[in-house]
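Residue strings, one per chain:
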Amino acid sequence: MIYKYGVQRSDDLIKKIYPDGNQEAYHALRKKLMKHLTDFLYMKQVKSDDTEETQVAAFMSLARYLKAHDCLKPAWRFLQKAEQQAVAGELYNLANAVMGLQLAMPLMELGESIDPLLARKAQYEQLAIEDDHANTAYHIIQYQLQAAKTSVEAIDLQDTIEKVLREYGLTSAMIRRPSMLYKLMSMTRSAVMAEKDYFAFEPLVIQYYKNMEASVGFQGHDLVYKARLQYMIAHTLYRNKKFKSALTYLHSLRDGFKRLNRLEYASLLPRFSLLYCAIRFFTNHLDEAIRIVDAAFMEKLKMKPEHVLNLRLNQAIYHFFSGDYKVANKVLQSIGHTNTWCARTAGVEWVFKKDLLDVLIQFELTNFDIATNRVRALLRQDQLLASHPKFERAKTFVTLVKAVVDNPDVPWQPSFHEKVEATFDWIPIEQEDLHASVFYAWLKAKMLNKAPYEVLLDLITVYDE
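Definitions and limits used
Residues numbered from 1 in each chain as written. Predicted model: local features only at pLDDT ≥ 70, side-chain atom pairs only at ≥ 80, totals over all residues. Heavy atoms only, no water. Helix = DSSP H or I, 4+ residues; strand = E, 2+ residues; numbered from the N terminus. Buried < 20%, exposed > 50% of the residue type's maximum accessible area, 1.4 Å probe, protein only. pLDDT = per-residue confidence, 0-100. Contact = heavy atoms within 4.5 Å. Phe/Tyr/Trp six-rings, centres within 6.5 Å; stacked < 30°, edge-to-face > 60°.

Considering the environment of His 27
Right, so step 1: Among the secondary structure elements, His 27 is positioned in helix α2 (residues 23–48).
Right, so step 2: The partly exposed category is assigned to His 27, whose relative accessible area is 44%.

Right, dumping it as structure tokens:
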């Protein structure tokens, strides 16, 4: 078998396959194998690809075949189906290609007029050009947001986006095409989440959403984008500790579930449930949050692996703050995956949070030796802790946790209080990362000799409207 030879130079491989050095036979074999490989990969992709693009392409291929065999009426019906599906999915490049095939049909024989076809083709061409401009604008905005990460000068997020949209003539498109707006907001949100700059993103996404609602609104297929934007806004408000406003958008999202297709509903329901539980947790409804995350129906939801990990981490946190340390420990142990797999699935920050929570759980269970070993293991991750400013702050915090683990009486000492105050570069609590507040609440509770959940609520409810 050729694969057993591993990576080989052409000359060496020829000698092994054809000792007589027949290069023509080698190149013919190579060409044949490449064709088989290409066909195999194509068919495998077609079988696993159930997107609208693939379905439209399949209708087009079938129409070509039928036309070639003089089955004109069935060919025309499939071209109409292809056009309808392409337009429904806003695949205007494909819709334009479909119109080209329709124009190539014997229209007189089919009893079809050419004028409406030409009008629709011109419309699709303009929309395809608009899509191309939008894709270019997305790349430019994405590049500028990435460049801002390494710049000493802060950028105005809204001004940056609107400038690019004006340059490519897309300002009006953002208030009449929900799919285009969602794609822009989704891309921008990805950059924002990496830097946790939700405060800059909040007014932007809310303004664009309200502009869309006030202009053309969301109808039919666009209800999918309305639901996704509502979730996006609710999550942003939640991260900014504006829990009441976040619940308002979540309730609106829930009311619209019945108008979504089954796939979209199945995709949004797990994220909706996780976010709703998190808001209840931070608004003094801990028992309700635990009841929902522990409910049997949560196990039946079709979740992506990342969402399953988030569910387990949140579940462990809720039980931890209710004082059920054994249950919290059991939940973490039930994850059943290595840190490498979890990092690949949910990110290294998720793994760091999980390991830090594990240290706190072991400490509360009085497993002091285990807690000591695990907090030391966290501090040995030099490359991770030096990779980003957020991990530098985390390293500072873990160092303080280590001091408590080493000496459980240290939180009551005035010198430790002074050390905590001097160690951090404090920022306003409303701008503090919500998840960071969870861990800091435990440390402050030790210093004040109070229940961690009571301290957490004091920390994060000072800002909610």
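There's plenty left to go through after this.
Some words on the confidence of the model for the protein chain
Right, so step 1: Chain-level pLDDT for the protein chain is 87 on average; 91% of the residues reach the 70-or-more range.
Right, so step 2: Averaged pLDDT values for the elements of the protein chain fall to 72 in helix α21 (residues 382–385) and rise to 96 in helix α17 (residues 325–333).

Examining the environment of Ala 134
Right, so step 1: Structurally, Ala 134 can be placed in helix α7 (residues 114–149).
Right, so step 2: In the structure, Ala 134 is positioned 46 residues away from Met 180 in sequence and 7.6 Å away in space, judged by C-alpha atoms.
Right, so step 3: Every residue in contact with Ala 134, bar those within four places of it in the chain, is listed here: Leu 170 and Met 180.

Observations regarding the packing of aromatic side chains
Right, so step 1: Scanning the model with the defined rule gives 19 aromatic pairs in all.
Right, so step 2: A centroid spacing of 6.4 Å and a plane angle of 10 degrees characterise the contact between Phe 272 and Tyr 276, whose relative ring orientation is stacked. Here the residue Phe 272 and the residue Tyr 276 both occupy positions in helix α13 (residues 262–282), the gap between them amounting to 4 residues, near one helical turn.
Right, so step 3: Taken together, the aromatic side chains of Tyr 238, Phe 243, Phe 281, Phe 282, Tyr 318, Phe 320, Phe 321, Tyr 325 and Tyr 453 make up a single cluster linked through ring pairs.

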